[in-house]
Amino acid sequence: MNRDDAPGTGPDGSAGMPRDLWRWMVAAGLLGFLAIAWWQGMHPAPSVAAIPYSRFKSLVAEDTVKDVSLQGESVRGTLKAPMVLASGQPATTEFSSYLPGFGDDQLLPLLAAHRVTVTAKPVAKGSFTDILIAAIPWLLLAGFFYWSYRRTSQLVGGDLGGQGRLGEFLRSGTQRAAVPEARFDDVAGQDNAKSEVAELVQYLRDPAKFARVGASAPRGVLLMGPPGTGKTLLARALAGEAGVPFFSISGSQFIEVFVGVGASRVRNLFAAARQNMPSIVFIDELDSIGRTRGTGLGGGHDEREQTLNQILAEMDGFTPRESVLVLAATNRPDILDPALLRPGRFDRHVVLDLPSRADREAILRVHVRKLPLATDVDLAALAAGMPGFSGADLRNLANEAAILAARADRGVVTRLDFEEARDKLLMGSVRRLAIQPDERHRLAVHESGHALVASCLPGADPLHKVTIIPRGRALGETRQLPENERYTLPEDYLKDRLAVMLAGRAAERQLLGNVSSGADEDIRNATRLARAMVARWGMSGEVGPMDLRDSEEAPFLGREIAQPRVYSEHSAEQVDRAVRALLVEAEARATAVVTGHAQQMQALVAALEDKETLDRPAIEACLAGAPRSTVAAVV
Ligand code: ADP
Ligand code: MG
Ligand code: ZN
């Protein structure tokens, strides 16, 4: 499972020589320090009395001093017999003092007269301990430089072979990177994404074939999807399948390094990839460097911009004969700098979604391949109970279950291990909600309502897909895609849209007998839209063509600025009434569609509960027998 790990954390390259060397140096230093401390503890310095110079001279004059050693300005000496030299201290023979700075001409004759042994020493160069203490700041500084250097060299993922990161940094570009072991088989589900990426295998295996027929080489592919859906895995699997080296770099690592390093890392990475063509460059977490430029306040964004500009320059600099494929991954495609998405850069987009029930089961199967499973483990049931879990979550689940089994010394992983692991994962996160079966049914009814009304009303945008897989704050989603871009919004279209928005709630009331808080966002959006229809677009007969909006949109700030209200209380009431009328009418239309298509509703709800996600053909299959034209009559 290690090779699945994110770049930079893999164990393959991390135990290289320089890193070990560094650890040994720290360990040796600590040991030395301890040894010194121990030595000093065992041999305490004999107590030395510090005495004034005048006292020292009188001691000499009293004939009590045996010997003296002079070293620079320091004087040390021994008495002939122990004596109390300083009050409150034990008797000692050792004493120390200092010569006056200008020296003392009379000292040596005095010592000679009293037959004191005199030893003179050269001025101290410092003891070992002194040197060590003096060296500490320098050692720290050197350590810091080494550390930051190593961080920098870590920016290239662990795919350059096991030569250690420092050496790898120095040599990057001359060494052949490893081909990942991952294969498409390791990626379960994600069929759309897989088939789009699989096309590129052909190209990477034989780029010359494409060049011969004059086909333009694919250049940049952007993998988009929530965290843990297998973007990194898929990129590695592509390299593995095609048998080409994989050079990876992660956007988040650029934030902390020295200015200018990011851009030069990018340059080296692309240079290395060019030398090993055909090859893949993978930029993980592209959003952390690729945010829209110029939005940061003040400085501090230079590094990111330089890095981003270098990436753009490298991508633009490819000649058609250069077969380096650039892949990038992001979970925030919405904040990317538009320059990144231009033709010739990341112009191919591959979307990865959270897995549906069947896909979750398939992913679990991949990750239990090597586990000894007890017969009571039902992967299908397990997968069904984990909506909203990503591939990475499921890998963690399998891993956690295996750990539990190992801890209990059981030879096999049992159902209870999996259930305990799941509860553990659920507790650690608020994002993944444990959805109860009755809630799930309500969710299916709600989304089916949206889907049914969206497909039946003539003006509504065509359905793209409907899902009850929770994502973010939304428990489910019905996604419509307008057929072509709209610039003006006709009244009919808007009224249909209102009906679709309120259809989830209408379906809940019709099929379950009551409504729930699940329509919170729907009501909010519908009210906003209805208010705009009344107060801005003059679509209410009662209010007429009068601008009665209560706020002014400020497009450059992305928020609304409250404006002083310039209309009467009476007008405000009129607007409220008209808005309510629109909403009530829309809900009534939605209800009519739902009751008029009871059979189709049942089919949709059942299919949704079973599959969790329905695409357009699947929805149409459920609606068979209810062509749009007959629907109009019902409404
Ligand atoms: P992302 O890059 O989208 O955040 P990763 O590729 O890093 O996700 O996924 C992390 C791990 O989760 C993978 O290494 C793999 O073990 C597991 N995983 C994710 N998606 C899948 C999948 N579709 N099939 C099998 N394993 C998956
Ligand atoms: Mg990743
Ligand atoms: Zn809804």
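Residues numbered from 1 in each chain as written. Chains lettered and ligands numbered in written order. Predicted model: local features only at pLDDT ≥ 70, side-chain atom pairs only at ≥ 80, totals over all residues. Heavy atoms only, no water.

Q: Help me out: how do you make sense of the overall build of the protein in this one?
A: What the protein contains, in helices and strands, is 24 helices and 15 strands. Of all intrachain contacts in the protein linking residues separated by at least 6 positions in sequence, the fraction that spans at least 24 positions is 73%. A total accessible area of about 33,400 Å² is found for the protein, and carbon and sulfur atoms account for 56% of it. (Helix = DSSP H or I, 4+ residues; strand = E, 2+ residues; numbered from the N terminus. Contact = heavy atoms within 4.5 Å. Areas by Shrake-Rupley, 256 points an atom, 1.4 Å probe, with all protein chains shown as cover.)

Q: Explanation requested: the sheet that holds strand β11 (residues 463-467) in the structure shown.
A: By way of backbone hydrogen bonds, the strands of a sheet pair with one another, either parallel or antiparallel. In space, the three strands of this open sheet follow the order β12-β11-β15, with antiparallel pairing throughout. Of all strands in the sheet, those with a lone pairing partner are β12 (477-480) and β15 (613-615), marking the two edges. Neighbouring strand axes in the sheet, compared pairwise and without regard to direction, differ in orientation by 10° on average. As judged from the three bridges shared by β11 and β15, these two strands associate in the antiparallel manner. (Pairing = 2+ DSSP bridges. Axes fitted to C-alpha atoms, helices over the stretch in contact; angles between N-to-C directions.)

Q: Would you mind going over the site of ligand 1 with me for this structure?
A: The full set close to ligand 1 counts 17 residues, and A188, G228, K231, T232 and H367 are the nearest of them. The backbone of G230 places a nitrogen or oxygen atom 3.1 Å from an oxygen atom of ligand 1. For ligand 1, an oxygen atom lies 2.6 Å from a polar atom in the side chain of T232. Relative to its free-state accessible area of 550 Å², ligand 1 is covered by the protein chains to the extent of 92%. Each of domain 3 (184-340) and domain 4 (357-427) gives at least three residues to the shell around ligand 1. (Near = heavy atom within 4 Å. Polar contact = N/O pair within 3.5 Å; in protein donor to acceptor, adjacent residues only side chain to side chain. Domains from an automatic or database assignment.)

Q: Is there a simple way to explain the packing of helix α13 (residues 357-367) against helix α15 (residues 391-407) in this structure?
A: A packed helix pair is summarised by two numbers, namely the angle formed by the two axes and the spacing between the axes. In the contact formed by α13 and α15, the axes pass within 9 Å of each other and the chain directions differ by 45°. Accordingly, the angle class assigned to the pair α13 and α15 is oblique. Crossing of α13 against α15: the hand is right-handed. Between α13 and α15, the residues in contact are R360, I363, L364 and H367 and G391, L394, R395, L397 and A398, respectively. Across the contact of α13 with α15, the residue classes tally to five nonpolar, two polar and two charged. (Parallel < 35°, antiparallel > 145°, perpendicular 65-115°, else oblique. Left-handed = near helix turned anticlockwise from the far one by under 90°. Nonpolar A, V, L, I, M, F, W, Y, C, P; charged D, E, K, R; others polar.)

Q: What is the right way to look at the environment of C622 in this model?
A: With respect to the helices and strands, the residue C622 is situated in helix α23 (residues 616-622). Using a relative accessible area of 15% as the deciding quantity, one classes C622 as buried. Setting aside residues no more than four positions away along its own chain, C622 makes contact with Q600, A603, L604 and A607. (Buried < 20%, exposed > 50% of the residue type's maximum accessible area, 1.4 Å probe, protein only.)

Q: I would appreciate a short explanation of the sheet that holds strand β5 (residues 117-121) in the present structure.
A: Reading across from one edge, β1-β4-β3-β2-β5 is the order of the five strands in this open sheet, with mixed pairing throughout. Of all strands in the sheet, those bounded by a partner on one side alone are β1 (49-50) and β5.

Q: I tried to follow the environment of V594 on my own but got confused; where do I start?
A: Position of V594 relative to the elements: it lies in helix α21 (residues 569-596). Remark: the alpha-carbon pair of V594 and S448, spanning 146 residues in sequence, is separated by 9.4 Å. Among all residues touching V594, those that are not within four sequence positions of it are L452, V453, A507, Q510, L511 and M601.

Q: What is the right way to read the nonpolar core from this model?
A: Note on soluble globular proteins: their nonpolar side chains tend to be buried together. The biggest cluster of nonpolar side chains holds 52 residues, and the ones touching the most others in it are L452, V453, L498 and L604. Apart from the residues within four sequence positions on either side, V453 is in contact with A499, V500, A503, A590, V593 and V594. Of all hydrophobic cores here, the second largest spans 27 residues; its members include V187, L233, A237 and F282. (Core = buried A, V, L, I, M, F, W, Y, C linked by side-chain atoms within 4.5 Å.)

Q: Teacher, can you tell me more about the confidence of the model for the protein here?
A: Residue-level pLDDT values for the protein average 79, and 79% of them are 70 or greater. Mean pLDDT values for the elements of the protein range from 37 in helix α1 (residues 11-14) up to 94 in helix α19 (residues 503-512). Below pLDDT 50 for its whole length, residues 155-176 participates in 62 contacts with residues either more than four positions away or in separate chains. A low-confidence stretch, residues 553-559 stays under pLDDT 50, and its non-local contacts, those more than four residues away or across chains, total four contacts. (pLDDT = per-residue confidence, 0-100.)

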